[in-house]
Protein chains: 2
Amino acid sequence: VPFRVRRLALLGCGLMGGSLSLALKRAGVVEQVVAMARSPQTLHTALARGVINEGYHSIAQAVTGADVVVLALPVAATEAALREALPHVADGAILTDVGSTKRDVVSAARVALGASIGRFVPAHPIAGKEQSGVEHACADLFDGRRTILTPLAENAAGDVQRIQALWEAAGSSVSRMTPAGHDRAFAAVSHLPHLAAFAYINGLVNQADGASLMTKGGPGFRDFTRIAAGDPAIWRDILLANADEVIDQLDHLNAALNQFRQTLQAGDADALHRLISQASAHRRPWTLQHEVWDESTS
Amino acid sequence: VPFRVRRLALLGCGLMGGSLSLALKRAGVVEQVVAMARSPQTLHTALARGVINEGYHSIAQAVTGADVVVLALPVAATEAALREALPHVADGAILTDVGSTKRDVVSAARVALGASIGRFVPAHPIAGKEQSGVEHACADLFDGRRTILTPLAENAAGDVQRIQALWEAAGSSVSRMTPAGHDRAFAAVSHLPHLAAFAYINGLVNQADGASLMTKGGPGFRDFTRIAAGDPAIWRDILLANADEVIDQLDHLNAALNQFRQTLQAGDADALHRLISQASAHRRPWTLQHEVWDESTS
């Protein structure tokens, strides 16, 4: 029996929250979705597109009567939003989030929720697109994607199971990791690639003829830089929240870049072939993994 | 009236040469395609797939009677192949290539061809895929792509026009650049992204848990690293042939990465937002350019 939600409250109503609402409505597992957003335009768009049934500017009003509250704001807003929500959340309601970093979100949640931390089930759906905002929300954003839960020792097993059922109803598979394991892995496979794509574009446009150079890019350029179009506020927060792991991964990249630089400068064809072969041999067999894993116990 | 080729000779019969043959056959502008390849298996596959009409192990035999000779070997083989071909090339035949670097190809062609350099029209079709080899050749590889010609002062205008017509018949638009302008631009928008994608994968798999980290990658990882699956021999040659421009571009990337590193370490949210905004603002409006330009005169 899938978990059914009577009233889902979104705190923040952008691409992620809006898409979750549309996906759950599509699945028929939610009766009513309400949202808190600061911007009247956002609520207007969300109502007009049928993303939400009611919109509020106040967290207190939005969470009142909800059985699931989903934090879908930039991660830096976690503590303040949960602090404001807590007094108005019904007994038995579950709190969860969609943040791309987990150690900082869990720390903020512990500060904001105190003894109620067990009600917060941290989650990170691995999905997105370059366009942000509720106007780009779509019901299929999570189809075939993965959502990572990083359950806490304080969570009730049934609550974790319910949030898992929610994300499965939204179209994604669900795996579990520890918050620290999550942050290390996603620093490596998501945050660093974003940082590197941003830096690559900046290195290009910092050159006098950078704009002209960019027009020469082909399909390889297009794909390599797609993630450089990401939302600045969202990625600022993610990179800062996970700065230690991102810097650690950046140092691995820098070491590998330096190997290439020295090899090129020396004109060492054999060493260059070995370096490229290593990368190519690891990347060729790679495919998006759809199997579910559980690394949440360490 | 499109340029018609009676007998096209491919020196090398891999993804690029094979796809050119299929594209020209599709367009009906070539009567017969022959190829020189060292490997019997390659010629067998090319014949079996209808990519070529005749296969040879000798350059002399392949180019005899051809009106267009296309060098489609790794760029490091240019000088030796042209030297071997020259005595057997018919009067009036045009020589061209598909190399991803142009200054080194032109230098090698000058050495090999001497006073006949005017017969060589350098070309670079901006197309490809991760799989190499004639077994992956396809007629639509160049559709909607761009081919860059870097004509030489010694070329007859009519020969350049014929090679342009050939690539247009194969499905691509054709622009012109100088060899030096080409190498600088493609170091920036193609060679460096490949190097960075190779280095990123190496930095990942050099870590003890690198294989496990890689399984966590999502769609962003997939697209950012797609080009890291490139053929090692081809990319070794390209990076070596264009090493000075690639190193120059790598230094721009390193400077931009270092800005990110310092900003992250300082926890400077405003500066980080500015860095990401710069990249995002330049990448968002970017699209594959289909307009034709001419930068071949400087």
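Look a little higher up for the structure.
Quick summary incoming for the structure in this document.

## What to know about the relation of the copies chain B and chain A
Between the two copies of the chain lies a rotation about an axis combined with a shift along it.
At step 1: When chain B is fitted to chain A, the best match, at an RMSD of 0.0 Å, comes from turning it 180° and sliding it 0.0 Å along the axis. Such values leave the two copies arranged in the relation of a two-fold axis. For chain B, the minimum C-alpha distance to the rotation axis belongs to Phe224(B) and amounts to 2.1 Å.

## Re the pairing of strand 8 (residues 146-149) of chain A
All names here are of chain A.
At step 1: Neither face of strand 8 is left uncovered, since the one carrying Arg 146 and Ile 148 and the one carrying Thr 147 and Leu 149 both have all their residues buried.
At step 2: Pairing of strand 8 with strand 9 (residues 173-177), which is carried by four bridges, proceeds in the parallel orientation. Looking at the pairing, Ile 148 lines up with Ser 175 of strand 9.
At step 3: Read as a crossover between parallel neighbours, the route from strand 8 over helix 6 (residues 157-169) to strand 9 is right-handed.

## Digging into the environment of Glu31(B)
Residues and elements named next belong to chain B.
At step 1: Structurally, Glu 31 is set in strand 2 (residues 30-36).
At step 2: Judged by relative accessible area, which is 55%, Glu 31 ranks as exposed.
At step 3: For the pair Glu 31 and Arg 6, spaced 25 residues apart in sequence, the C-alpha to C-alpha distance is 4.9 Å.
At step 4: Each residue touching Glu 31, except ones within four places of it in the same chain, is listed here: Arg 4, Val 5, Arg 6 and Asn 53.

## Details of the packing of helix 11 (residues 243-266) of chain A against helix 11 (residues 243-266) of chain B
At step 1: Remark: helix 11 of chain A packs on helix 11 of chain B, axes separated minimally by 11 Å, with the N-to-C direction vectors making an angle of 160°. Put simply, helix 11 of chain A runs roughly antiparallel to helix 11 of chain B. Handedness of the crossing formed by helix 11 of chain A with helix 11 of chain B: left-handed. Packed against helix 11 of chain A, whose contacting residues are Ala243(A), Val246(A), Ile247(A), Leu250(A), Asp251(A), Leu253(A), Asn254(A), Leu257(A), Arg261(A), Leu264(A) and Gln265(A), the element helix 11 of chain B presents Ala243(B), Val246(B), Ile247(B), Leu250(B), Asp251(B), Leu253(B), Asn254(B), Leu257(B), Arg261(B), Leu264(B) and Gln265(B) at the interface.
At step 2: Along the lines of polarity and charge, the residues of the contact of helix 11 of chain A with helix 11 of chain B split into 14 nonpolar, four polar and four charged.

## Some details on the pattern of salt bridges
At step 1: Evaluated as defined, the whole model comprises 32 salt bridges over all chains.
At step 2: A salt bridge links Asp244(A) to Arg103(A); the nearest nitrogen and oxygen atoms lie 2.8 Å apart. Placement of the pair is Asp244(A) in helix 11 and Arg103(A) in helix 5 (residues 103-113), with a sequence separation of 141 residues.
At step 3: What makes Arg103(A) partly exposed here is its relative accessible area of 24%.
At step 4: Its salt-bridge partner being Asp143(B), residue Arg26(B) comes within 2.7 Å of it at the nearest N-O pair. Taken together, the residues Arg26(B) in helix 1 (residues 15-27) and Asp143(B) in the loop between strand 7 (123-126) and strand 8 (146-149) connect sequence positions 117 residues apart.
At step 5: Each of Arg103(A), Asp183(A) and Asp244(A) takes part in salt bridges that share partners, so that together they form one network.

Parameters and conventions
- Residues numbered from 1 in each chain as written.
- Chains lettered and ligands numbered in written order.
- Predicted model: local features only at pLDDT ≥ 70, side-chain atom pairs only at ≥ 80, totals over all residues.
- Heavy atoms only, no water.
- Least-squares fit on C-alpha atoms with pLDDT ≥ 70 in both.
- Buried < 20%, exposed > 50% of the residue type's maximum accessible area, 1.4 Å probe, protein only.
- Helix = DSSP H or I, 4+ residues; strand = E, 2+ residues; numbered from the N terminus.
- Pairing = 2+ DSSP bridges.
- Right-handed = clockwise from strand over helix to strand, strands pointing away.
- Contact = heavy atoms within 4.5 Å.
- Axes fitted to C-alpha atoms, helices over the stretch in contact; angles between N-to-C directions.
- Parallel < 35°, antiparallel > 145°, perpendicular 65-115°, else oblique.
- Left-handed = near helix turned anticlockwise from the far one by under 90°.
- Nonpolar A, V, L, I, M, F, W, Y, C, P; charged D, E, K, R; others polar.
- Salt bridge = Lys/Arg side-chain N within 4 Å of Asp/Glu carboxyl O.

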